[in-house]
Amino acid sequence: MTKRPIIIDTDPGQDDAVAILLALASPELEVLGITAVAGNVPLPLTQKNTRIVCELAGRSDIKVFAGCDAPLHRKLITAEHVHGQTGLDGPEMPDPTMPLQDDHAVDFIIDTARATDGVTLCPLGPLTNIATALQKAPDIASRIREIVLMGGAYFEVGNITPTAEFNIYVDPEAADIVFKSGIPITVMPLDVTHKALTTQPRVDAFRNMGTPIGEAVAAWTDFFNRFDMEKYASPGAPLHDPCVIAYLIKPELFNGRHVNVCVETSSELTLGMTVADWWGVTDRTPNAMFMGDIDADGFFDLLTTRIASL
Ligand code: RIB
Ligand code: CA
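This report concerns the structure included in the present document. (Residues numbered from 1 in each chain as written. Chains lettered and ligands numbered in written order. Predicted model: local features only at pLDDT ≥ 70, side-chain atom pairs only at ≥ 80, totals over all residues. Heavy atoms only, no water.)

Another point: the sheet that holds strand S2 (residues 29-36). Taken in spatial order, the eight strands line up as S3-S2-S1-S4-S5-S6-S10-S7 in an open sheet, and their pairing is mixed. Strands at the two margins of the open sheet, each flanked by one partner only, are strand S3 (64-66) and strand S7 (254-259). Averaged over all pairs of adjacent strands, the angle between strand axes in this sheet comes to 25 degrees, irrespective of strand direction. Sheet topology places strand S6 (residues 185-188) next to strand S10 (residues 288-294); two bridges connect them, and they run parallel. Residue Thr-186 lies in a different strand from S10, and its bridge partner there is Met-289. (Pairing = 2+ DSSP bridges. Helix = DSSP H or I, 4+ residues; strand = E, 2+ residues; numbered from the N terminus. Axes fitted to C-alpha atoms, helices over the stretch in contact; angles between N-to-C directions.)

Listed below in structure tokens is the structure:
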């Protein structure tokens, strides 16, 4: 089996952590490195949390890089109210001992895109690292096979404002650069992730694995659940970021439309909104496969099977 080379760009975050574990548990993928970005919590914590997750998976060999600590043109907005002060609240986790790489994440993305025949970028947080790499080295756009990102929304509208999803809202200018890059983009928006809910039976399935990893994932989702179940009065929280990795492994779990997506970067009222031309009412060129639906049971079957294999 030819492994698909990927870079995960991430702001852990409990859901990011589960996405990283899914990637490390999947032989279809070769994780060339993981780049941390400021998002759910500040960069010192997202890079530390990334290393915590790699060590939990027994993968201290993974190269972890620190990237941008603030959006391109704006003050950082974080989400401790969702993820807790550490960004990985829930279980007590030991500090990491594996090293953080010396190179900046943006340089790692550039160098790896140039050296690899068709790397796939998997952004799970604000798009600051990706946009900075594209600005610093425009030549890499033609070297990137696909960007599969978690972000945006159409029918589900917004989660951090009435009209914007968090990853896009934190750095709308970066998102605008990515969506205008011409690189094939697949989007996992809230429309999909809000159908992938960590219901109690699904959390129990993690805990019943009886492994430290299963217990950590159950404790993370228990913590993550408390905010979203209260907010949405739903039977579980949306497990956003693992949808990106699941798509790479089993794309048939998802369906959507190839449409034009633009990002609002000026209006205060709708800043960070992903304006998806879902019904093709404009002459704007389609630039993204915007997912709208997920086989949630199939997704959680894949996730629990793979996590249990770690
Ligand atoms: O809006 C959900 C997204 O924002 C997820 O990636 C979550 O981890 C946060 O980064
Ligand atoms: Ca994230």
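All right, on to the coordination of the calcium ion (ligand 2) then. Those protein atoms acting as donors to the calcium ion (ligand 2) are Asp-11 (OD), Asp-16 (OD), Asp-16 (OD), Leu-124 (O) and Asp-241 (OD), and they sit at 2.3 to 2.6 Å. Within one chain, the residues donating to the calcium ion (ligand 2) are spaced in sequence as D-x4-D-x107-L-x116-D. Here Leu-124 lies in the loop between strand S4 (119-123) and helix H5 (128-136) and Asp-11 lies in the loop between strand S1 (4-10) and helix H1 (14-24), a separation of 113 residues in the sequence. Taken as a pair, Asp-11 and Leu-124 share a single burial class, namely buried. (Donors = N, O, S within 2.8 Å, 3.2 Å for Na, K, Ca; no water. Buried < 20%, exposed > 50% of the residue type's maximum accessible area, 1.4 Å probe, protein only.)

Bringing a nonpolar patch on the surface into the picture now. Together, Phe-155, Trp-279 and Val-281 make up an exposed nonpolar region whose accessible area comes to about 410 Å². Inspection of the secondary structure puts Trp-279 in the loop between strand S9 (274-276) and S10. (Patch = residues over 30% accessible without salt bridge, like charges linked within 9 Å, V, L, I, M, F, W, Y side chains within 5 Å. Areas by Shrake-Rupley, 256 points an atom, 1.4 Å probe, with all protein chains shown as cover. Salt bridge = Lys/Arg side-chain N within 4 Å of Asp/Glu carboxyl O.)

This brings us to the packing of helix H11 (residues 242-249) against helix H12 (residues 296-308). Axes are the key here: two packed helices are described by the angle between their axes and the distance separating the axes. Two numbers describe how H11 lies on H12: the axes approach to 11 Å, and their chain directions differ by 90 degrees. The angle between H11 and H12 places the two elements in the roughly perpendicular class. In this structure, H11 contributes Pro-242, Cys-243, Ala-246 and Ile-249 to the contact, and H12 contributes Phe-299, Leu-302, Leu-303 and Arg-306. Residues belonging to the contact of H11 with H12 are distributed by class as follows: seven nonpolar, no polar and one charged. (Parallel < 35°, antiparallel > 145°, perpendicular 65-115°, else oblique. Contact = heavy atoms within 4.5 Å. Nonpolar A, V, L, I, M, F, W, Y, C, P; charged D, E, K, R; others polar.)

To continue, consider the site of ligand 1. Every one of the 13 residues lining ligand 1 counts as a neighbour, but Asp-15, Asn-159, Glu-165, Asn-167 and Asp-241 are closest to it. Between ligand 1 and the protein, one listed contact pairs an oxygen atom with a side-chain N or O atom of Asp-11 at 3.0 Å. Interatomic distance of 2.9 Å between a side-chain N/O atom of Asp-16 and an oxygen atom of ligand 1. The fraction of the free accessible surface of ligand 1 (270 Å²) that becomes covered by protein chains is 97%. Elements with a contribution of two residues or more to the shell around ligand 1: H1 and helix H6 (166-170). When its residues are assigned to classes, the shell around ligand 1 shows three nonpolar, five polar and five charged. (Near = heavy atom within 4 Å. Polar contact = N/O pair within 3.5 Å; in protein donor to acceptor, adjacent residues only side chain to side chain.)

Before going further, it helps to examine helix H4 (residues 105-115). Listed in full, the buried residues belonging to H4 are Ala-105, Val-106, Phe-108, Ile-109, Ile-110, Thr-112 and Ala-113. Buried residues in H4 make contact with S1, S2, S3, S4, H5 and strand S5 (144-150).

Summarising burial for S4: five of the five residues are buried, a large majority. Neither face of S4 is open: one carries Val-119, Leu-121 and Pro-123, the other Thr-120 and Cys-122, and all of them are buried. Bridge count between S1 and S4: four bridges; the pairing is parallel. Counterpart to Ile-8 in the pairing with S4 is Cys-122. Where S4 and S5 come together, three bridges link them in parallel fashion. Across the sheet, Val-119 pairs through a bridge with Ile-144, a residue of S5. In the classification by handedness, the crossover that spans S4, the intervening H5 and the parallel S5 is right-handed. (Right-handed = clockwise from strand over helix to strand, strands pointing away.)

This part takes up the side chain of Glu-173. Relative to the assigned elements, Glu-173 resides in helix H7 (residues 172-179). When its relative accessible area of 16% is taken as the criterion, Glu-173 is described as buried. Reaching out from Glu-173, the side chain makes a polar contact with the side chain of Arg-74 at a distance of 2.9 Å. With sequence-adjacent residues up to four places away left out, Glu-173 is seen in contact with Leu-72, His-73, Arg-74 and Thr-265.

Another aspect to go through is the pattern of salt bridges. What the rule picks out here adds up to 12 salt bridges. Arg-4 serves as the salt-bridge partner of Glu-146, at 2.6 Å between the closest nitrogen and oxygen. Of the two residues, Glu-146 sits in strand S5 while Arg-4 sits in strand S1, which places them 142 residues apart along the sequence. We note that Glu-146, like Arg-4, is buried. In this structure, Glu-215 engages Arg-207 in a salt bridge whose closest nitrogen and oxygen atoms are separated by 3.1 Å.

What follows deals with the pairing of S6. Of the two faces of S6, both are covered, the one formed by Ile-185 and Val-187 as well as the one formed by Thr-186 and Met-188. Bridge count for S5 against S6 is four bridges, and the pairing is parallel. For Leu-149, the partnering residue across the bridge sits in S6 and is Val-187.

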